[in-house]
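Structural characterization, general
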Amino acid sequence: MRLIKHITGITLIAILLHSCSGAPSERIPNDSYPDIIPDYIGVTIPEKIAKLTFEMTDGSNCRYEMERDGDTLWYTVTSWRKGDKMATLHKPFPVYISADPIDPYIAYRLIEPGYESWHNIVIAQRELASYKESRIVSNRANDMGCVNCHTFDSGNPQRMLFHARGKGGGTVFIDEDQVRIINLAQVGAQRQGTYPAWHPSGRYVVFSSNSTFQCFTVNEFQPIEVYDTASDIILMDLQTDSVMLVPQLSLESRLETFPAWSEDGSTLYFCSAEAIENVANNRGKVHYRLMSARFEDGQFVGEPEELFGDDSCSVSFPRYNDGYVLFTHTAFGTFPIWHGEADLWMYDVESKEAFPAEILNSEKAESYHSWSSNGKWVIFGSRRLDGRYTRVYIAHYKGNGEFDKPFLLPQKNFKHNTLRLKSYNIPEFIKGEVKDYEKAVSKLFK
Amino acid sequence: MMKNRGKYIIAALLFAVVFCIGALFQRYTAIIQGQNSLFLFTGDYFRETFATSWPLSHLLESFFVQFYEIPMVGPLLTALIVTLIFLLYNFFSQRISSPFPIVEVFQIVDAVALSCFSWIYASMAETPLILFKILLISLGLAIVALFAKKKEAAKLKIWKIAVIALFVTGSALFISISKDIRSDETTAKVRYATYKGDWNKVLDNVTPQSSIDRPEMMPYAFLAMGFTGELGDRLFTYPIKNIEEFDMEGLHTVEGNYFNSLLNYYMGNHNEAIHHIFQYSCHFPHGMTHFSLSQLIRYNNSLGNYTMVRKYAQILSRSPRYSSSARKLLKRFEGAQDSLPPAGHLSSSAHTTTNNPPHDLIQLSLAGINSRIAQERFLCYLMLQGSLEYFVEAFKIFKWERIPRHYEEALLLIGVNPDEFGISAGSQRLFNVITSAMMQLDMPTVDRMAKGTYWEYHFYKQKEGAFESGLDLDPDSKL
């Protein structure tokens, strides 16, 4: 296959012309890469991905030619300003194509990056090979209540759950055509479910159950601090629909949250912090540690183990893959998307060391992330474009805790990223297209 | 020709009446409607609009209403649409025969009636959407009528003219005397004046007298007096009965969010102003309006977040109404570097919470924001709460060239040494008269003399049992 690719590698795949009209015919070569937005220079993309679109950062016109050479796409950009007699021919930049396949769809929630209330919320999906975006469910289905925390059973598009808040609300479980709602607060442990993690066996789901509040800073960089005053871990058995509190992960003196399973389901990773008084005043003192707990035969065994963390940082969203746990690292707190300093870090389970995944990070917040079903790609939310509206980035995982340069989810026109007044929340890979469940969910609320 | 002329005369009359009534009684309502609209040439905007019922009328409404923000354009466009409804429906009824002969008798009157009812309904609604729905229906009917042959037009008889006149004048009268419409117009006028910082206009419209009927408007007057420096002199001339009437809490109401976004902006708490504008936006179909976008530009500029200024300006540049000003703004902020505090570092533990204005005002000081308006509001909160010991402590922190009247009243009530604080002889004299009257249990004199003072409020709260502390009636008291 690779041989065929190399033989045909020098073949011109496509010449794509953008803004052709008005381009000066004369071009001056320039030895530097073009200053483009988004920065696609040197990124690694999967074979099946929608065409990358970009524009010049300074707003000048550009057109490009694209040529494939083996596993590399070479983009040659010509740029000019209106009225220029000569255009600039920039040094061609590479985009690497990985042979590792990627899941064909991603799911995310579109929501305004607001404060306490909301209007339209949509859990949507996007086909990666095209720009096609479609609805899975929106909050019109539950009378404009909140819909959140969508999660899939190992990326299976036919098995998912999400919370639908409001009157008659609860957790909606979808199993192919069977759609049902369970109010977790009314069964077993009598706790509301918050952050879910579906066990690889498909039988269990653990949830953290969080009492969440927020306060607002006075002209700080970070406008909001979202914090928990209590949080525990609950386990749901989908065979019996029973829900139980996990005693060793529900200590009164600690806040346990963000559960995530290892690949084989034998370990639960989660975060835990000391419960302190008056969190709003002492929010700088809230530091979550990365923890793990053993899970055997449907129950947790032994005491949880502290893996990483100290009083200089806080850990959120642990996600295990290939001997590493990818997590979000902040100075403090439990809601990293509002923390400009939030970065993605890797924890090596074997050496027990943690380090920043430098190539994924920026000056702005990097937050929620998840692995593709084959563990070769990671998708994450970042606010690097403007500091407030989260956009989705995808990075290839090279192995040994290393990544290639991430790329922004391509849009038909880059401006879409500026003009869209919604954030992309909880990006997750899915193995196929999910049906539109709007009508089915609406029926639950009638 | 004569018959057609009659139709056009009616149309012109209708246009003139609708425009004049709109200009006189709904001018500011239209401006606020314009601020609360959104029309953008973006994919998301059209996708969201077409996901609603009646997408075309929503689109048409948003397109036209965006221009209502320009003074007098709202009444003009409303008049135009009402007239168009009349003409289109009349065109239909002139060509399509009704199976009911009675309908034929009322030809032309029916078109006037339809346009008048649409006008009244739209005037009473939050948005003029209904006008656009009826316009589209009338347009559809007129298109259908294009394929029909014109009927013999009925003569414009005297009785018809009388009925038409009755409809038009009746509608005009209804709109001009409707209590709800007038009240909405005053609210809109005050909101707009607050947005523009026209404090005298706010105070002209929210007076102690008008506040008896509409106490919910008082917070605007108190904000305005913060700017004119009269808060400490005039607060209790308003019929304020509770601390809740001083501010507009209601985080989940349009009015509360509008007021609080502006209040926080004027006090210098820009993060909180942004918070309230996001909350405000949740009340509208697209989650943002022209007003919220322009305010986000204003607040982010004050915060030093020029990246966000550019983002919102780029979005507004997709709106026909704001396109050119947004482009100018983009040019102005091109390359401007953000000047924000560092991330991951808290410069203080200051934080605001939901619906706790006095707490939030203290937080401003903790965060180092020295807003005179915030400081005075804090003093007023202490007076309204009856926390006079704290009031004295807070009062001492600030420098005063002249002590406002109500503050003197509070200081005298708690029993400070008037000379030490430099309290005016007038206030001392009045206080002595009131205390003497109180000791003689001459309540009519107390009521008369204390009217419009802090004492009046304080005594009222004492009677209510809300305040424990109050005027010390002990004759051995140092007062």
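Residues numbered from 1 in each chain as written. Chains lettered and ligands numbered in written order. Predicted model: local features only at pLDDT ≥ 70, side-chain atom pairs only at ≥ 80, totals over all residues.

1. Quick look at the overall build of chain A
Of the regular secondary structure elements, chain A holds three helices and 33 strands. Rg of the C-alpha trace for chain A: 23 Å, near the compact-globule value of 22 Å for 446 residues, within the 12% margin. Along the three orthogonal principal directions, the C-alpha set of chain A runs to about 75 × 50 × 45 Å. Counting every position in chain A, which comprises 446 residues, the buried fraction comes to 48%. A separation of at least 24 residues holds for 55% of the contacts in chain A among residues at least 6 apart in sequence. (Helix = DSSP H or I, 4+ residues; strand = E, 2+ residues; numbered from the N terminus. Rg over C-alpha atoms; globule rule 2.2 N^0.38 Å. Buried ≥ 20, exposed ≤ 12 C-beta atoms within 10 Å, placed from the backbone. Contact = placed C-beta atoms within 7 Å.)

2. What about the overall build of chain B?
In terms of helices and strands, chain B carries 27 helices and one strand. Seen through its C-alpha atoms, chain B measures out along the principal axes to roughly 100 × 60 × 30 Å. If you take every contact in chain B between residues at least 6 apart in sequence, the share linking residues at least 24 apart comes to 64%.

3. Overview of the interface of chain A and chain B
Interfaces are often sized by the accessible area lost when the parts come together. In this complex, chain A contributes 34 residues to the contact, which on the side of chain B involves 41 residues. Listing elements by their share of the side of chain A that touches chain B, those giving two or more residues are β17 (204-217) and α2 (415-419) of chain A. A class-by-class count of the residues in the side of chain A that touches chain B yields eleven nonpolar, 15 polar and eight charged. Both β17 of chain A and strand β1 (residues 351-352) of chain B contribute to a ladder of two bridges, which runs antiparallel. Bridge assignment links Phe 216 of chain A to a residue of β1 of chain B, and that residue is Thr 352 of chain B. (Nonpolar A, V, L, I, M, F, W, Y, C, P; charged D, E, K, R; others polar. Pairing = 2+ DSSP bridges.)

4. Side note on the domain arrangement of chain A
Residue and element names in this part refer to chain A. Per the domain assignment, the segments of chain A are domain 1 (2-98) and domain 2 (105-444). Between the C-alpha centres of domain 1 and domain 2 there is a distance of 36 Å. Every contact between the two is made by 18 residues of domain 1 and, on the other side, 16 residues of domain 2. Listed by contribution, the elements that provide at least two residues to the side of domain 1 that touches domain 2 are β3 (44-46) and β8 (93-98). Among the elements that make up the side of domain 1 that touches domain 2, the one with the highest residue count is β3 (three residues). Split into classes, the residues belonging to the side of domain 1 that touches domain 2 amount to eleven nonpolar, four polar and three charged. (Domains from an automatic or database assignment.)

5. Overview of the domain arrangement of chain B
Assigned domains of chain B: these are domain 1 (2-177) and domain 2 (376-464). Computed from C-alpha coordinates alone, the two centres of domain 1 of chain B and domain 2 of chain B are separated by 57 Å.

6. Quick notes on the sheet that holds strand β27 (residues 353-356) of chain A
All names here are of chain A. Strand order in the open sheet made by the four strands is β24-β25-β26-β27, with antiparallel pairing throughout. One side of each edge strand has no neighbouring strand; the edge strands of this open sheet are β24 (314-321) and β27. Adjacent strand axes in the sheet meet at a mean angle of 30 degrees, parallel and antiparallel pairs treated alike. Relative to β27, strand β26 (residues 343-348) is paired through four bridges, and the arrangement is antiparallel. Within β27, the residue paired with Tyr 347 across the bridge is Ala 354. (Axes fitted to C-alpha atoms, helices over the stretch in contact; angles between N-to-C directions.)

7. A short note on the pairing of strand β25 (residues 324-330) of chain A
Residue and element names in this part refer to chain A. Burial within β25 is extensive, with seven of its seven residues counted as buried. Burial of β25 is two-sided: the residues Tyr 324, Leu 326, Thr 328 and Thr 330 facing one way and the residues Val 325, Phe 327 and His 329 facing the other way are all buried. Here six bridges tie β24 to β25, and the two strands are oriented antiparallel to one another. Counted as the bridge partner of Ser 314 is Thr 330 from β25. Linking β24 to β25, which pair antiparallel, is a turn of two residues; within it Asp 322 sits at a positive phi near 55 degrees.

8. Comments concerning the sheet that holds strand β9 (residues 105-111) of chain A
All names here are of chain A. Pairing is antiparallel across the open sheet formed by four strands, whose spatial order is β11-β10-β9-β33. The open sheet has two free edges, formed respectively by β11 (133-138) and β33 (423-430), since each of these has just one partner strand. The sheet shows a mean angle of 25 degrees between the axes of neighbouring strands, direction not considered. Pairing analysis gives six bridges linking β9 to strand β10 (residues 122-127), with the strands arranged antiparallel. By the bridge assignment, Tyr 108 is partnered in β10 with Ala 124.

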